[in-house]
Amino acid sequence: VKGVQEVGNISLKIKHNKRRKQNALRWEYETDAQLLGYVVFRGEQESRLQPITGVIKSKNFTDKKGTSGVTQELYYQIRAYVGSKVVYSSVIKQKL
């Protein structure tokens, strides 16, 4: 989806489960516009985020693959696709 890009007020929270080696992501975003869905991005560097989901409607996601054999931290971002706009959350660093 191409369009206007903006940093919005997507509130992202991450909970790390060390035993299960996974990160549970939850976010909140309210809009009156037509929400097409969300995409979760992850990276070992803040500047190198890659999508790890397709467009999803849910406001939560469990990353079961991201914490195995990687560095000591991962970066996550949520992007909401709203009409012709892409709204970005802040990038959140999760220590492992």
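One numbering rule holds for all chains: residues counted from 1, following each sequence as written. Local features in this predicted model are restricted to residues of pLDDT 70 or higher, and side-chain atom pairs are both shown and tallied only at a pLDDT of 80 or more, whereas totals for entire chains, interfaces and linings draw on every residue. Values shown for side chains rest on all heavy atoms present in the structure; no hydrogens or waters enter the calculation.

### Brief notes about the overall build of the protein chain
Selection rule: Runs of E in the DSSP output that reach at least two residues are strands. Runs of H or I that reach at least four are helices, and both are numbered from the N terminus. The buried label applies to any residue whose accessible area, calculated with a 1.4 Å probe on protein chains only, is under 20% of its type's maximum; exposed applies above 50%, and partly exposed to all values in between. Between two residues, a contact is recorded if the distance between any of their heavy atoms is within 4.5 Å. Computed with the Shrake-Rupley method and a 1.4 Å probe, the accessible areas treat only the protein chains shown as cover for residues.
Scanning the protein chain for helices and strands turns up zero helices and nine strands. Listed N to C, the secondary structure of the protein chain is β-β-β-β-β-β-β-β-β in terms of helices and strands. Within the protein chain, the fraction of its 96 residues that count as buried is 34%. Considering only intrachain contacts with a sequence separation of at least 6, the fraction spanning at least 24 residues in the protein chain is 57%. Taken as a whole, the protein chain presents about 6200 Å² of accessible surface, with 45% of it coming from carbon and sulfur.

### Comments concerning the sheet that holds strand 3 (residues 22-28)
What counts, and what does not: Any two strands between which DSSP finds at least two bridges are classified as paired. To obtain an axis, a line is fitted to C-alpha atoms, over the contacting stretch when the element is a helix, and the angle between two such axes runs from 0 to 180 degrees between their N-to-C directions.
Spatially, 2-3-6 is the arrangement adopted by the three strands of the open sheet, whose pairing is antiparallel. The open sheet terminates on both sides in strands that have one partner only, identified here as strand 2 (11-17) and strand 6 (60-63). The sheet shows a mean angle of 15° between the axes of neighbouring strands, taken without regard to direction. Inspection of the sheet shows strand 2 paired to strand 3 by seven bridges, in the antiparallel sense. Its bridge partner lying in strand 3, N17 is registered against Q22.

### Some details on the side chain of D63
For clarity, the cut-off: Throughout this description, a polar contact denotes any pair of N or O atoms lying within 3.5 Å of each other; where both atoms belong to protein, one of them has to be capable of donating a hydrogen while the other can accept it, and for residues adjacent in sequence the pair is counted only when both atoms sit in side chains.
Secondary-structure assignment places D63 in strand 6. Side-chain polar atoms of D63 contact the side chain of R42, separated by 2.8 Å. Those residues in contact with D63 that lie beyond four places of it in its chain are K21, Q22, N23, L25, R42, I52 and Y76.

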